[in-house]
Every structure is written in C-alpha cells, then in structure tokens.
Amino acid sequence: KWEKYGFEIGEFPLEYINKNYPDIKTLSGDLFNQNLLNNSFDVIMLYHVIEHLDEPEKFLNFLNLLLKKNGYLIVGTPNSKCFVANYLKSKFRHYGRQHILLYSPQALRKNLEDKNFLCERIEYPYFNTEYSKISNIFKLLNPFSKVAPAFYGNVMTFYAKKIKKIF
C-alpha cells in the first residue's frame with residue numbers, strides 16, 4: 001500500500017524493475033539531484049549498497065534528511081569481522097575490488113549513531129535461507145575452495161531509527 005521508489009544505476013536492473021514491478025517508481029542517475037523532498041520517506045532500505053560507496057558518511061547524512069521523523073533505515077552489508085572472514089581471510093567472498101569499505105558490526109553501529117540513527121536491531125540472516133545447507137559447511141572446510149561459501153554471520157542487517165535531523 002506504500003508508494004515505492006527504487007534507485008538503480010544499472011540499465012538491466014532498471015528494465016527488470018520497470019517490467020516486473022510497475023508499482024515501483026524508478027530513479028537513476030545522480031541520487032543527490034533527484035529533487036526528492038526532505039522528510040518524505042518512512043523507510044529507506046540499502047541492501048548491499050553501502051560497501052560500494054565512496055562517501056558513505058555523506059550518503060547517510062543525505063538519507064537522514066530524506067527520512068521522516070522516526071523513519072527507519074535498513075542497511076544490509078557484509079560483516080568484515082565474521083567467523084569466515086577471520087578463518088579464511090583472503091578467501092572471504094566479500095573481499096573484492098567492487099567493495100570499497102567493509103564494516104564490522106561495531107563500526108557500522110557507530111557510523112549510524114554518529115549520523116543520528118538509533119540501531120534497534122541487528123540480524124545475521126542465514127538460517128532458513130538457501131545457503132543454510134550441510135554442503136556449505138563442507139565447502140567451508142575444503143582447503144581447495146577458491147572462495148568461501150555463504151555462512152552464518154557473513155552478512156548483517158541493521159534496523160535503525162532516525163532520532164533527529166542532521167543540520
């Protein structure tokens with residue numbers, strides 16, 4: 001029932017969204033120049049976005065302006081301090097040239113709180129997904145694997161509430 005917007009820079013994803021989800025208004029280009037109104041969104045969700053940004057602090061400030069009072073920011077991103085990252089080091093699937101900055105849970109919480117968001121919940125989605133299989137555990141133990149499989153704790157999702165506007 002909500003008015004939904006999606007922002008995407010890739011041509012194929014834009015076409016896919018427009019074709020399959022006509023109720024989502026899509027935006028592309030420079031997000032900072034979209035003529036979006038301050039205090040106009042109830043929820044903003046970034047899933048596997050923040051780790052690709054050159055200036056995540058500037059982006060969080062911008063999102064704070066867009067969110068209504070008590071609005072929610074949902075951020076899903078790789079966890080640089082998870083078991084697999086520590087155990088398999090360079091084989092951690094989220095280390096790569098596309099990721100500019102990976103966060104630990106503590107660092108992301110601090111970054112969000114510095115931008116006037118209150119972290120109400122952190123989840124580590126894994127169980128009840130297609131990845132929570134015994135075969136993934138065997139892949140984790142395989143010394144010949146080039147890349148570590150998905151595993152509990154590799155990804156974290158923060159649910160943060162806007163507590164005040166940044167000036």
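Residues numbered from 1 in each chain as written. Predicted model: local features only at pLDDT ≥ 70, side-chain atom pairs only at ≥ 80, totals over all residues. Heavy atoms only, no water.

Within the fold, Asn 111 resides in helix 4 (residues 105-114). Among all residues touching Asn 111, those that are not within four sequence positions of it are Glu 57, Leu 60 and Tyr 103. (Helix = DSSP H or I, 4+ residues; strand = E, 2+ residues; numbered from the N terminus. Contact = heavy atoms within 4.5 Å.)

In terms of nonpolar packing, the biggest core is built from 22 residues, with Ile 44, Ile 50, Leu 63, Leu 73, Val 75, Leu 108 and Leu 112 touching the most fellow members. Elements with a contribution of two residues or more to this core: strand 3 (41-47), helix 2 (56-66), strand 4 (67-78), helix 4, strand 5 (117-123) and strand 6 (155-162). For this core, the element with the highest residue contribution is helix 2, accounting for five residues. When sequence neighbours within four positions are dropped, the list of residues in contact with Leu 108 reads Ile 50, Val 75, Thr 77, Tyr 103, Met 156 and Phe 158. In terms of nonpolar packing, the next biggest core, distinct from the first, is built from 10 residues, Cys 82, Val 84, Ala 85 and Leu 88 among them. (Core = buried A, V, L, I, M, F, W, Y, C linked by side-chain atoms within 4.5 Å. Buried < 20%, exposed > 50% of the residue type's maximum accessible area, 1.4 Å probe, protein only.)

With that settled, the discussion passes to the sheet that holds strand 6. Within the open sheet, the four strands sit side by side as 3-4-6-5. Their pairing is mixed. Of all strands in the sheet, those bounded by a partner on one side alone are strand 3 and strand 5. Strand-to-strand, the axes of this sheet are offset by a mean angle of 15°, without reference to chain direction. Direction of pairing for strand 4 relative to strand 6: antiparallel, over a ladder of seven bridges. (Pairing = 2+ DSSP bridges. Axes fitted to C-alpha atoms, helices over the stretch in contact; angles between N-to-C directions.)

Below, the discussion takes up helix 2. One full turn of an α-helix is made of 3.6 residues, so residues set three or four places apart face in the same direction. When helix 2 is considered as a whole, its buried residues turn out to be Pro 56, Phe 59, Leu 60, Phe 62, Leu 63, Asn 64 and Leu 66. Its buried side turned inward, helix 2 meets strand 3, strand 4, helix 4, strand 5 and strand 6.

Tallied over the entire structure, the rule returns six salt bridges. Where Glu 3 meets Lys 25, a salt bridge forms, and the shortest distance between an N and an O atom there is 3.3 Å. With Glu 3 in the segment before strand 1 (4-7) and Lys 25 in strand 2 (residues 24-27), the pair connects residues that are 22 residues apart, well separated along the chain. For Glu 3, a relative accessible area of 54% translates into the label exposed. What makes Lys 25 partly exposed here is its relative accessible area of 41%. The residue Glu 123 makes a salt bridge to Arg 121 at a minimum N-O spacing of 3.0 Å. A relative accessible area of 43% places Arg 121 in the partly exposed class. (Salt bridge = Lys/Arg side-chain N within 4 Å of Asp/Glu carboxyl O.)

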